[in-house]
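Listed here are the chains, written in short residue letters.
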Amino acid sequence: MPQVATIAVSILFDGLAYAMFLFITAVGLSVTMGLMNFVNLAHGAFAMAGGYFVVSLTQSYGVDFISSLIIASVLVGLISIRFERRLYRPLYKAGELDQVLLTIGLAFMAIAAFTFFYGPIPKSVPLPQWLQGNVDLGFRAFPRYRAFLIVLGLFLVAVLWYGFERTNIGARIRAAVDNRRMAESVGINVDLLFTVTFAIGSGLAALGGGLAIQLFGLTPYFAVLYLVLFLIVVAVGGLGSLKGTLMAALLLGIVDTAGKYLIAEAGGFFIYVITVIVLLLKPAGFYGRQ
Amino acid sequence: MKLFRWLGLTALALTVGGAAQAETVKIGVVLPFSGANADLGHQIDKAFDLYIKLHAKDIAPHKVEIVKRDEGPPTGAQAKTVATELITNDKVQILTGFVFSPSAIAMAPVLTQAKTPLIIANAGTAWITNLSPYIARLSFSMWHPAYPMGAFAFDKIGCKTAALAYTDFPPGKDSTDAFKAGFEKAGGKVGLSIPLGSPVQVPDFTPFFQRIKDAKPDCMYVFIPSGAHATGVMKAYGDLGMRAAGVKLIGPMDLIPDNKLQDMGDAAIGTIVMGHYSVDLDNAANKAFLKEWHAAYGKDSYPDFMSAAGWDTMHAIFDTIKKLDGKVSDGAKVIEAMKGWTTNGPRGQVTIDADTRDIIQDQHAMEVVRKADGKLGVKILGTTKAVKDECKAQKIGRCGT
């Protein structure tokens, strides 16, 4: 295979894996922001908590990596319901500043709490044998873990797409995002709907946090350090849109990887260029409501 | 009346006399206690605390009072604010700590103006000590490990070509420049030189390393701040199968900090670094240091090269307090007293160079191996005694001013 094609395949592969991580972690944030206009800056904290649960489950309780990911996601999803009911609900009608202050405060409290229990040293997880090393496809070797990320990401895209577009609850969520008052007036319980989507979104964030350990290592500051990335994905994709979040994650993931590979000197610059261009052309993102 | 005046004078004389005997030296400690690199601050802070706890009696009747402040992110702005406050509000007489080079660089003009000595416990950009006569450094210059690594990589590891990758802030450029100078002098060729983004967050290293892997150099020299980045580098290097593809991973000791080594796994085995400390160094002072460390912080807690430098830093400060009999309010005298200071610490013999106020220490080439007890550790491949900062010795770039 010619050199250029090999490089293109390599960039697409790495970019796709990165995009899938971005999609899994950010999709919950997009849907909850679209549904309730609620600015949840503690989203990264749920991802970080998921990561630490995976660390504890694998290292202290001997649970295997895949089961740990599932348990951590469910656990964080359930815990997030408590947060939503007790802390978030009273602020739905409040201004954005109040929401930002509450949620960023929660994120900082989470950082302090996890630093206290786990310490600031970065954690890693033992991966099963089949996820280590790489597969050689003749013209190029691909890391197995990234292939796993892509497969898992595509699977979740399919599941979420089906749930969003083909089920009754998905139709209700779409209706509530489009016009909340109309949805309520035809008898849709938007509050309950929101609790469910919030829990699913937080659970997915926790899954993203667990998956990120192998990519970045895990420290308590994960909660705020990568939040900017998730917010960019949400802004570029448009609030409340599954399709938009996917498109944004793919575009940003692949462009970022290509930029780092081809013009390393400009490094992480490209992700911001794309963001600025997209938002200039479409201020509400790809599929956001104007 | 007269009697009262005499009584008053006597009382005054007693107070002054008493103060002259037992001074309280106020030391400002500036280290990152928050942010992605908080664990670097903790590694040094633990060494400081341990030294003070064990050696407080050495400086009797004098005492030290420690005021700790958060250095913040590796950008220098917050460090400058808190350190200036320490000097003006808290009236500290000696400043120490400083993990990040930008912090020390930003602070240098203030030190000169305030005549307050800064005893650096980490920040390693070579030319920092030239910025103010009130700076002495107990840790290292980037050139200490990186310059000798150049020749060692070419002669002993078999690197004929090398790619460079570095976190994009002053010490990163400094470390790769030093390696390049040593490597090219020995006859090696440097190909790619790739900046890895800012030190604030750990990037996805894969696209950068994939690029290097495709260029097929013999070795990849990596500098990253020795925190969460080190773990990330090892993961990306392992996942891409770069060792099997014939690209050896080399760098300064920041790549394999002792407190993170056990978590790095098999990907780290075979990595060769140049550095001044590892918990596996075989000397009496290090054995004693490790024993005290484990007793204080538990058997699973390890000091690293930063802790070792932190330990020596506090040792030098204590010796200076003793030497000046507690009278450390004159910054110039403090720095003067430190020149030529020498000890046998956990790193082996270290000396403060009287000309440059920078450290002179041994450098060890170390390879990561799995030890007999199943843990990861290092094997010493070779040692260069009493290495000086070559950047200042050869007056290269900003080191010459």
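Worth saying up front: this structure is predicted, and the values here are computed from it rather than measured.

## Points about the overall build of chain B
Along chain B, the regular secondary structure elements total 13 helices and 14 strands. Burial statistics for chain B: of 401 residues in total, 59% are counted as buried. Of all intrachain contacts in chain B linking residues separated by at least 6 positions in sequence, the fraction that spans at least 24 positions is 72%.

## Focus on the overall build of chain A
Counting its secondary structure elements, chain A contains 12 helices and 2 strands. Ordered by position in the sequence, the α and β elements of chain A form the string α-α-α-α-β-β-α-α-α-α-α-α-α-α. For 290 residues, the compact-globule estimate of 2.2 N^0.38 gives 19 Å, and chain A sits close to it at 19 Å. Seen along its three principal axes, the alpha-carbon backbone of chain A occupies a region of about 60 × 45 × 35 Å.

## Focus on the interface of chain B and chain A
If you look at the interface, chain B gives 28 residues, while chain A gives 26 residues. Of all elements in the fold, only α2 (38-55), β7 (189-195), α7 (206-215), α8 (228-239) and α9 (258-264) of chain B reach the threshold of two or more residues within the side of chain B that touches chain A. Here the residues of the side of chain B that touches chain A are counted per class, giving 10 nonpolar, 11 polar and 7 charged.

## Digging into the packing of helix α2 (residues 43-60) of chain A against helix α8 (residues 190-216) of chain A
All names here are of chain A. Here α2 crosses α8 at 55 degrees, and the two axes come no closer than 7 Å. Put simply, α2 runs oblique to α8. Of the two possible hands of crossing, α2 and α8 adopt the one that is right-handed. Every residue of α8 that contacts α2 at His43, Phe46, Ala47, Met48, Ala49, Gly50, Gly51 and Val54 is listed here: Ser202, Ala205, Ala206, Leu207, Gly208, Gly209, Gly210, Ala212 and Ile213.

## With respect to the nonpolar core
Side chains of a nonpolar character, in soluble globular proteins, are inclined to be buried together. Within the largest apolar cluster, 121 residues are counted, with the highest numbers of intra-cluster contacts made by Leu118(B), Ile120(B), Ala165(B) and Met220(B). Ranked by the residues each element gives to this core, the list is headed by helix α11 (residues 305-323) of chain B, at 9 residues. The residue makeup of this core includes at least three contributed by each of domain 1 (23-140 + 283-357) and domain 2 (143-275 + 362-400) of chain B. Discounting residues that sit within four places of it in the chain, Leu118(B) has contacts with Leu95(B), Phe98(B), Ala104(B), Met107(B), Leu111(B), Tyr134(B) and Ile135(B). One finds Phe46(A), Ala107(A), Leu227(A) and Ile232(A) within the second-largest nonpolar core, a separate group that totals 91 residues.

## Quick notes on the sheet that holds strand β3 (residues 94-97) of chain B
All names here are of chain B. The strand order across the open sheet built from 5 strands is β2-β1-β3-β4-β5, with neighbouring strands paired in parallel fashion. The open sheet has two edge strands with one neighbour each: β2 (63-70) and β5 (135-137). Pairwise comparison of adjacent strand axes, ignoring direction, gives a mean angle of 25 degrees for this sheet. Docked against the sheet, helix α4 (residues 101-114) engages β4 (118-120) and β5, running at close to 155 degrees with respect to β4.

## Brief notes about the pairing of strand β11 (residues 342-345) of chain B
Residue and element names in this part refer to chain B. Here β11 runs beside strand β12 (residues 348-352); their pairing, made up of 4 bridges, is antiparallel. Paired with Thr342 across the strands is Thr351, a residue of β12. The hairpin formed by β11 and β12 contains 2 residues between the paired strands.

## Thoughts on the environment of Val74(A)
All names here are of chain A. With respect to the helices, strands and loops of the structure, Val74 is situated in helix α3 (residues 65-88). Overall, the presence of 15 C-beta atoms within 10 Å leaves Val74 in the partly exposed class. For the pair formed by Val74 and Thr167, sequence separation is 93 residues and the distance between their alpha carbons is 21 Å.

## Description of the domain arrangement of chain B
All names here are of chain B. When cut into domains, chain B gives domain 1 (23-140 + 283-357) and domain 2 (143-275 + 362-400). Between domain 1 and domain 2, the C-alpha centre-to-centre distance is 26 Å. For the side of domain 1 that touches domain 2, the secondary-structure elements that each account for two or more residues are α2 and α4.

## Quick notes on unusual backbone geometry
Residues and elements named next belong to chain B. Looking along the chain, the bond that leaves Ala60 and enters Pro61 is cis, with omega of 10 degrees. Looking at the element boundaries, Pro61 is found in the loop between α2 and β2. Phi is positive for Lys91, which is not a glycine, with a value near 55 degrees. Locating Lys91 in the fold gives a position in the loop between α3 (77-88) and β3. Judged by the 12 C-beta atoms lying within 10 Å of it, Lys91 is exposed. In this model, Lys115 sits at a positive phi of 55 degrees, which is unusual for a non-glycine residue. Inspection of the secondary structure puts Lys115 in the loop between α4 and β4. On the neighbour-count criterion, Lys115 (16 C-beta atoms within 10 Å) is partly exposed.

## Examining the confidence of the model for chain B
Of the residues in chain B, 95% reach a pLDDT of 70 or more, and the chain-wide mean stands at 92. For this predicted complex, the interface score ipTM comes out at 0.85, while the overall pTM is 0.87.

## Examining α3(B)
Taking 1.5 Å of rise per residue, 12 residues should cover 16 Å, and α3(B) covers 17 Å from first to last C-alpha, within 8% of that figure. Buried within α3(B) are the following residues: Gln78(B), Ala79(B), Lys80(B), Ala83(B), Leu86(B) and Ile87(B).

## Some thoughts on α2(B)
Counted at 1.5 Å a residue, the expected span for α2(B) with its 18 residues is 26 Å, and the 26 Å between its end C-alpha atoms agrees. A large share of α2(B) lies buried, amounting to 13 of its 18 residues.

## What about the pairing of strand β9 (residues 248-252) of chain B?
Consecutive residues of a regular strand have side chains that alternate between opposite faces of the sheet. Residues and elements named next belong to chain B. Of all 5 residues in β9, 4 are buried; the element is thus mostly enclosed. In this structure, strand β8 (residues 219-223) lies alongside β9, joined through 3 bridges in parallel fashion. Along β9, the bridge assignment pairs Met220 with Leu249. You can see the chain leave β8, run along α8 and come back into β9, and the turn it takes is right-handed. The pairing of β9 with strand β10 (residues 272-275) spans 3 bridges and is parallel. Pairing of Ile250 across the sheet is with Ile272, part of β10. Note on the crossover from β9 through α9 to β10: the handedness is right-handed.

## What about the packing of helix α11 (residues 242-262) of chain A against helix α12 (residues 270-281) of chain A?
Residues and elements named next belong to chain A. It is the contact of α11 with α12, at a shortest axis distance of 8 Å, that shows an interaxial angle of 140 degrees. Our classification of the angle between α11 and α12 gives oblique. Considering only the axes of α11 and α12, their crossing is right-handed. Residues Leu251, Leu252, Val255, Asp256 and Gly259 of α11 pack against Phe270, Ile271 and Ile274 of α12. Grouping the constituent residues of the contact of α11 with α12 by class yields 6 nonpolar, 1 polar and 1 charged.

Parameters and conventions
- Along each chain, residues carry numbers from 1 onward, in the same order as the chain's sequence is written.
- Chains and ligands are labelled sequentially in the order written, the chains with letters from A and the ligands with numbers from 1.
- For this predicted model, a pLDDT threshold of at least 70 governs which residues receive local features, and a threshold of 80 or more governs which side-chain atom pairs are given and counted, while totals over whole chains, interfaces and linings are taken from all residues.
- Strands here are runs of E lasting at least two residues and helices are runs of H or I lasting at least four, both read from the DSSP assignment and numbered beginning at the N terminus.
- Backbone-placed C-beta atoms define the burial measure: a residue is buried with 20 or more other C-beta atoms within 10 Å of its own, exposed with 12 or fewer, and partly exposed in between.
- Here the contact rule is simple: place C-beta atoms from the backbone, and any two residues whose C-beta atoms are within 7 Å are in contact.
- Using C-alpha atoms as the atom set, the radius of gyration is obtained and then compared with a globule rule of 2.2 Å times the number of residues to the power 0.38.
- Each residue is assigned to one class: nonpolar for Ala, Val, Leu, Ile, Met, Phe, Trp, Tyr, Cys and Pro, charged for Asp, Glu, Lys and Arg, and polar for all the others, Gly among them.
- Between the N-to-C directions of two axes lies an angle of 0 to 180 degrees, each axis being a line fitted to C-alpha atoms and, for a helix, fitted only over the stretch in contact.
- Note on angle classes: values under 35 degrees are labelled roughly parallel, values over 145 roughly antiparallel, values of 65 to 115 roughly perpendicular, and the remainder oblique.
- Throughout, a crossing is termed right-handed when the near helix is turned clockwise from the far one, and left-handed when it is turned anticlockwise from it by less than a right angle.
- What makes a nonpolar core is a set of buried Ala, Val, Leu, Ile, Met, Phe, Trp, Tyr and Cys residues, with links drawn between C-beta atoms within 7 Å.
- Domain delimitation follows an automatic or database domain assignment.
- In this scheme, strands are said to pair when DSSP sees at least two bridges between them.
- Confidence scores per residue from the predictor, reported as pLDDT, run from 0 to 100.
- Expected helix span is computed as 1.5 Å times (number of residues minus one).
- Place the viewer so that the strands point away; then a crossover is right-handed whenever the path from the first strand over the helix to the second strand goes clockwise.

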